[in-house]
Amino acid sequence: YKLSVSPEMDIMEYCRKEWRGNTPVAKTMRKGYEAVAQKFASIRRIRGDNYCAFRATLFQALSQATQLPSWLQSEDFTMLPENLLNKYDWIKQWQLKQKPGNKMGEISDEIKEYLILLRKKWKNISDIKDPIEKKEACDKLFKNEEEEYSLYEALKFLMLNTAIELYNDDKNGKRVPVFSWLLFARDTSSNPCQLMHNHLNHIGHSGGLEQVEMFLLAYALQYTIQVYRLYKYSTDEFITLYPNDPEEDWPVVTLITEDDRHYNIPVRMCQETML
């Protein structure tokens, strides 16, 4: 039994424990943590498997959710797998979590279940008004491995759907965000089918999210993901936004990374920051 999201710990205490030495890297990290500590009091460690970017982002989104996002409310949201499979036969090669050898027909039902679960959990948690109860509900969800991993499958599928939309928009001469060109400029993902085979199918198994996929996740959720990238302290990239030109009405979640591979979360905004 592994904790997915560890209990809160004072940020500077955590930093002193992790970065004791006097190497240039340790000094940079300490400066970075000091800057984060101006805004947030505590840190929660995120379990370090290849899902940590999903885990950190979703935990933050749910723990501050006060309503169901509009895209989760739409009628045809749960029809997404069926509709996409009707158009794109190659989606049959979607890698379902730890269930190899699934028969072809089952895949849309399975993903539909994950999407329904995502909507249900998001609604339940956003309906809770009491902050302590909300925190307890989030903690409980992220202790249930079966549900937790099902939610990540839902997120992956939403990323695929977003990628298909962006790819088609670009082909039809519509304006697309810059990251979309970068996403499809990679040799390994020149179209959504390759993106699925070479990237999305591997997330959580043999790899995490790459930088450009953080943009895709942000677009899929319609959230701005703000990341303190500690090793970039004192550069323009210390606080990076995905996307870097976010929609004004998108909610913001904040993560911390030391290396762009593993993500933790800052919690408890300092009082003066909130005012």
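Residues numbered from 1 in each chain as written. Predicted model: local features only at pLDDT ≥ 70, side-chain atom pairs only at ≥ 80, totals over all residues. Heavy atoms only, no water.

Taking an unreviewed UniProt entry as the reference, the protein is identified by name as ubiquitinyl hydrolase 1 belonging to Furnarius figulus. The record in UniProt for the protein states the following under Catalytic activity (unreviewed entry): "Thiol-dependent hydrolysis of ester, thioester, amide, peptide and isopeptide bonds formed by the C-terminal Gly of ubiquitin (a 76-residue protein attached to proteins as an intracellular targeting signal)." Check the Subcellular location (unreviewed entry) section of the UniProt entry for the protein; it says "Cytoplasm". (UniProt positions renumbered as here; feature names shortened; annotations may be inferred.)

With mixed pairing, the six strands of this open sheet are ordered in space as S1-S2-S6-S5-S3-S4. Strands with a single pairing partner mark the edges of an open sheet, and in this sheet they are strand S1 (9-10) and strand S4 (239-242). The sheet contact formed by strand S3 (residues 224-229) and strand S5 (residues 252-257) spans six bridges and is parallel. Following the sheet pairing, Gln226 is matched in S5 by Thr254. (Pairing = 2+ DSSP bridges. Helix = DSSP H or I, 4+ residues; strand = E, 2+ residues; numbered from the N terminus.)

Let's shift gears to the UniProt feature "site: Linear diubiquitin binding" (unreviewed entry) in the protein. As annotated by UniProt and renumbered to match this structure, "site: Linear diubiquitin binding" (unreviewed entry) occupies Glu237. Here Glu237 shows up in the loop between S3 and S4. Of the residues examined, Glu237 reaches a relative accessible area of 38% and is grouped as partly exposed. If sequence neighbours within four positions are ignored, Glu237 has contacts with Arg229 and Lys232. (Buried < 20%, exposed > 50% of the residue type's maximum accessible area, 1.4 Å probe, protein only. Contact = heavy atoms within 4.5 Å.)

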